[in-house]
Amino acid sequence: MDRVSAFEEPLKKLLGGPTAKVMAEHLDLHTVGDLLHHYPRRYEERGRLTALTDLPLDEHVTVVAQVADARVLTFNGGRGKRLEVTLTDGHGRLQLVFFGHGVHKPHKDLLPGRRAMFAGKVSVFNRKMQLAHPTYQLLDAASTDDAEATEAVDAFAGKLLPIYPACKQLDSWRIAKAVDAVLPSARDAVDPLPEALREGRGFTSLPEALLKIHRPATKADVAAARDRLKWDEAFVLQVALARRRYADTQLPAVARRPAPDGLLDAFDAKLPFTLTDGQQKVSKEIFDGLATEHPMHRLLQGEVGSGKTMVALRAMLAVVDAGGQAAMLAPTEVLAQQHHRSITEMMGELAEGGMLGGSDLGTKVVLLTGSMGTAARRQALLDLVTGEAGIVIGTHALIEDKVKFHDLGLVVVDEQHRFGVEQRDALRSKGKQPPHLLVMTATPIPRTVAMTVFGDLETSVLDQLPAGRSPIASHVVPAKDKPHFLSRAWERVREEVENGHQAYVVCPRIGDDEDDPGKKKGKKAAEEEAATADKRPPLAVLEIAEQLAKGPLHGLRVEVLHGRMQPDDKDDVMRRFASGDVDVLVATTVIEVGVNVPNATAMVIMDADRFGVSQLHQLRGRVGRGSAPGLCLLVTEAHEASPARARLSAVAATLDGFELSRIDLEQRREGDVLGQAQSGVRSSLRVLSVIDDEEVIAAARQEAVAVVAADPELTHLPELRTALDALLDKEREEYLDKG
């Protein structure tokens, strides 16, 4: 078997169907190479018991501990049985619980004094940490399976014990056994680092690094392996990015310079305010990029409400001035309509080119969405192909084959993480030559991530809020511990409305039958659920709206907005909310980006712990957009000591998006940095930390630039090409290309 195919061998061949199926479905591991790159998360040291005092809530953990006590309790008048086992490690205690028929074997195995490895998800019941129905493996020879126990003890006593990222269906020690089966293939690993670079930096070889990370003899082995594997990840990624940047400089584009005394100047002259210094600086960077003869690829990061739309609009007007057209791609119809409305309002008669009362300098601004009527759609398409419309704002409907442009010069992508690679590419391919690209995001990105994920885009940052923006006060509302806080939250909403303002209430779920996970629960599941604290379904828009209208917000005009409504109904609700005919809008995250209602001052986010940090920051940015201060209340039932509560407290404590993005990053798994949702493929980062490894990333970037400058096609580095193909399949490379 050749070196490449050993790594591409399906796991099914070596491990058997059932194990391979679980690995594929739950851990996204399909080949020998995938499993060899599934590194241990940490290592248990010989003889040392895991500290039970700092277990993370709601996470799947593996602990090594001793049984202190085990007792069977009955409930339901003696019909139900429950086994409760108390573990100790000399510092802390942890409770295990088993139910029903599941109590017999653990009752026999888990006698006081026995030591074992346990794996399960940490939950809280009656204010105590517990694992419900954990799997376990005894670590003393008194096990029912002597051979297996002896093997486990040998492994435990002799070496550092690797603890793998696991799942409910497959424990760490079973993954370790599977790794043993494929480990011989590590010797066939193709080393991607050029020899001179590897020797110059004193790295161990790749086969040796793989052997050492999975089966280290010492801590020094782990450190050497991690250093080497980090470099591989950083370097291969940076080579991919350097090749994209090099390829971009080879593409032709039309330079777009705004005409003096044209549309842009006319627009600037009628602005009722002065642009901030930040807006002027970023606009200059963009105009310089538009004036080059290869495509500008720029990422515009701006805090929520920093005026990105204004900067993007001026860039679009500059392109129209230069004889081209500009297209703005928005992720939802609500947002596309909102952008269309605000841009035509800002432009006034300049948006009525060719119409009665329009300006001679003006152009047409058209909207194109999937739900438009046939006549309006036909007219919009005609305006685009003739060049009558200089600016089009739309959803993915812009990408359809029948949409043709006269001369597409600039594509602006709003909230880029909502779009797939193919969608962005399809729009860019509509230009006679590649158009310039401006990608906007309100999610602040730390420098290391920008260097890693958006490494082929030039970056502009808008970090200054326009004058007149109000601060937003944020508070956590612990609904379970302090129900009166929630009552007070609804009183605050009433007070805002009585003062002439409006409010949002955000829920994680819509709440019709289709998406109700709370139905059809078996008896066993119900028993387990009762013991693992209540895991109710997320709160839903339709239910909360009804409760509020009948209860604490009775008499106020309460309406709902969610993604399953008809587009016309959505637009109607949004229009009435914007014009002040609705007091309280109960919505899903459909309002997360771009919705601009300056009179909305309060937001209550239900089940706030079900949202991510940057999503909460985005949502909060919908209030405080006018002159009155904003209020954001984060309602949660999360336990006070849980990571979820810590996350909410962090959001409440700062309005600095960059600080929050760093916290967000620290709390997510390292391998999730490139974000599955963003790329559609599994992240290739396993040991590289974009928080801690800034130096590694910067050094790898420097080396990658030098390598690509000397050999853009990597003709003399076939091993690096192979690694690039393996780690960055076509889809991921294209994703990196577009940021």
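Owing to the predicted nature of the structure, the values given are computational and were not obtained by experimental measurement. (Residues numbered from 1 in each chain as written. Predicted model: local features only at pLDDT ≥ 70, side-chain atom pairs only at ≥ 80, totals over all residues. Heavy atoms only, no water.)

Caption draft 1: Main features of the overall build of the chain. When helices and strands are counted, the chain shows 28 helices and 21 strands. Long-range pairs, those at least 24 residues apart, make up 74% of the contacts in the chain between residues at least 6 apart in sequence. Looking at the chain as shown, the accessible area adds up to about 31,900 Å², and 51% of this sits on carbon and sulfur atoms. (Helix = DSSP H or I, 4+ residues; strand = E, 2+ residues; numbered from the N terminus. Contact = heavy atoms within 4.5 Å. Areas by Shrake-Rupley, 256 points an atom, 1.4 Å probe, with all protein chains shown as cover.)

Caption draft 2: Representation of unusual backbone geometry in the model. With phi around 50°, H133 is a residue other than glycine that occupies positive phi space. Its identity is not glycine, yet D607 carries a phi of approximately 50°, on the positive side.

Caption draft 3: Broad picture of the packing of aromatic side chains. Tallied over the entire structure, the rule returns 6 aromatic pairs. Pairing W231 with F235 gives two aromatic rings, centres 6.3 Å apart and planes at 35°, and the pair type is tilted. Taken together, the residues W231 and F235, both in helix α10 (residues 219-249) and 4 residues apart, mark about one turn of the helix. We classify W231 as buried; its relative accessible area is 5%. Geometrically, the ring pair formed by Y504 and F577 is tilted, given 5.0 Å between the ring centres and 55° between the ring planes. Of the two residues, Y504 sits in strand β17 (residues 502-506) while F577 sits in helix α21 (residues 567-578), which places them 73 residues apart along the sequence. Here the aromatic residues F98, F118 and Y136 are joined through ring pairs into a cluster of three or more. (Phe/Tyr/Trp six-rings, centres within 6.5 Å; stacked < 30°, edge-to-face > 60°. Buried < 20%, exposed > 50% of the residue type's maximum accessible area, 1.4 Å probe, protein only.)

Caption draft 4: Representation of the pairing of strand β12 (residues 389-394) within the structure. Most of β12 sits inside the fold, with 6 of its 6 residues counted as buried. Of the strand pairs in this sheet, strand β10 (residues 325-329) and β12 are connected by 4 bridges, and their pairing is parallel. Directly across from L329, in β12, lies its bridge partner G394. Bridge count for strand β11 (residues 364-368) against β12 is 5 bridges, and the pairing is parallel. Note on β12: the bridge partner recorded for L367 is I393. Remark: the β11/helix α15 (residues 374-386)/β12 crossover connection has right-handed handedness. (Pairing = 2+ DSSP bridges. Right-handed = clockwise from strand over helix to strand, strands pointing away.)

Caption draft 5: Layout of the pairing of strand β5 (residues 115-125). A large share of β5 lies buried, amounting to 8 of its 11 residues. Examined bridge by bridge, β5 and strand β7 (residues 135-138) share 4 bridges and lie antiparallel to one another. Looking across to β7, one finds that A119 is bridged to T135. Relative to strand β6 (residues 128-132), β5 runs antiparallel, the two being bridged by 4 bridges. Looking across to β6, one finds that V124 is bridged to M129. Count of turn residues in the β5/β6 antiparallel hairpin: 2 residues, of which N126 carries a positive phi of about 50°.

Caption draft 6: Local environment of the confidence of the model for the chain. With 82% of its residues at a pLDDT of 70 or more, the chain shows a mean pLDDT of 82. Per-element averaging of pLDDT across the chain places helix α25 (residues 676-679) at the bottom with 34 and β17 at the top with 96. In the model, residues 514-534 has pLDDT below 50 throughout and makes 29 contacts with residues more than four positions away in sequence or in other chains. Throughout residues 735-739 the model reports pLDDT below 50, and contacts reaching past four residues in sequence, or to other chains, amount to 29 contacts. (pLDDT = per-residue confidence, 0-100.)

Caption draft 7: Structural context of the packing of helix α12 (residues 277-290) against helix α13 (residues 308-321). Orientation of α12 relative to α13, taken along the N-to-C sense of each, is 35°, at an axis distance of 10 Å. In the crossing of α12 with α13, the sense of the turn from one axis to the other is right-handed. Residues Q279, V282, S283, I286, F287 and L290 of α12 form the contact with α13, whose participating residues are M310, V311, R314, A315, A318 and V319. Classifying every residue of the contact of α12 with α13 gives 9 nonpolar, 2 polar and 1 charged. (Axes fitted to C-alpha atoms, helices over the stretch in contact; angles between N-to-C directions. Left-handed = near helix turned anticlockwise from the far one by under 90°. Nonpolar A, V, L, I, M, F, W, Y, C, P; charged D, E, K, R; others polar.)

Caption draft 8: Representation of the packing of helix α9 (residues 206-214) against α10 in the model. The contact between α9 and α10 brings their axes to 8 Å, and the two run at 130°. Looking at the two axes, α9 sits oblique to α10. The crossing of α9 and α10 is left-handed. Counted together, L206, A209, L210, K212 and I213 of α9 and D221, A225, R226, R228, L229 and D232 of α10 form the full contact between these two elements. Taken together, the residues of the contact of α9 with α10 break down into 6 nonpolar, no polar and 5 charged. (Parallel < 35°, antiparallel > 145°, perpendicular 65-115°, else oblique.)

Caption draft 9: Spatial organisation of the sheet that holds strand β14 (residues 436-441). Across the sheet, 7 strands lie side by side as β11-β12-β10-β13-β14-β9-β15; this open sheet has parallel pairing. Lying at the two open borders of the sheet, with one neighbouring strand each, are β11 and β15 (458-462). Across the sheet, the mean angle from the axis of one strand to that of its neighbour is 20°, orientation sign disregarded. Note: strand β9 (residues 297-302) against β14, 5 bridges, orientation parallel. If you follow L300 over to β14, its bridge partner there is M440. Helix-sheet contacts for helix α14 (residues 333-347) involve β10, β11, β12 and β13 (408-414), and the interaxial angle to β11 is about 170°. α15 rests against β10, β11 and β12 of the sheet, and its axis sits at about 130° to β11.

Caption draft 10: Molecular detail of the sheet that holds strand β20 (residues 600-605). As summarised here, the arrangement of the 6 strands in space is β16-β21-β20-β17-β19-β18, forming an open sheet in which the pairing is parallel. Edge positions in the sheet fall to β16 (472-478) and β18 (558-561), since each has one partner strand and no second. For this sheet the average axis-to-axis angle between neighbouring strands, irrespective of direction, equals 20°. The sheet contact formed by β16 and strand β21 (residues 630-636) spans 7 bridges and is parallel. Across the sheet, the residue bridging to S474 is C632, located in β21. Sheet strands touched by helix α23 (residues 643-653): β16 and β21. Its angle to β16, the strand with the most contacts, is close to 160°.

Caption draft 11: Just the pattern of salt bridges, in detail. Counted according to the given criterion, the structure contains 34 salt bridges. A salt bridge links E25 to K21; the shortest N-O distance between them is 3.5 Å. Remark: K21 and E25 occur in helix α3 (residues 17-27); sequence separation between them is 4 residues, near one turn of the helix. Here D383 ties to K364 by a salt bridge, and the two come within 3.0 Å at their closest N and O atoms. One end of the pair, D383, is in helix α15; the other, K364, is in strand β11, and 19 residues separate them in sequence. The exposure class of D383 is buried, given its relative accessible area of 5%. Overall, the relative accessible area of 18% leaves K364 in the buried class. A single network of salt bridges, built from pairs that share partners, joins R488, E491, R492, E495 and E496. (Salt bridge = Lys/Arg side-chain N within 4 Å of Asp/Glu carboxyl O.)

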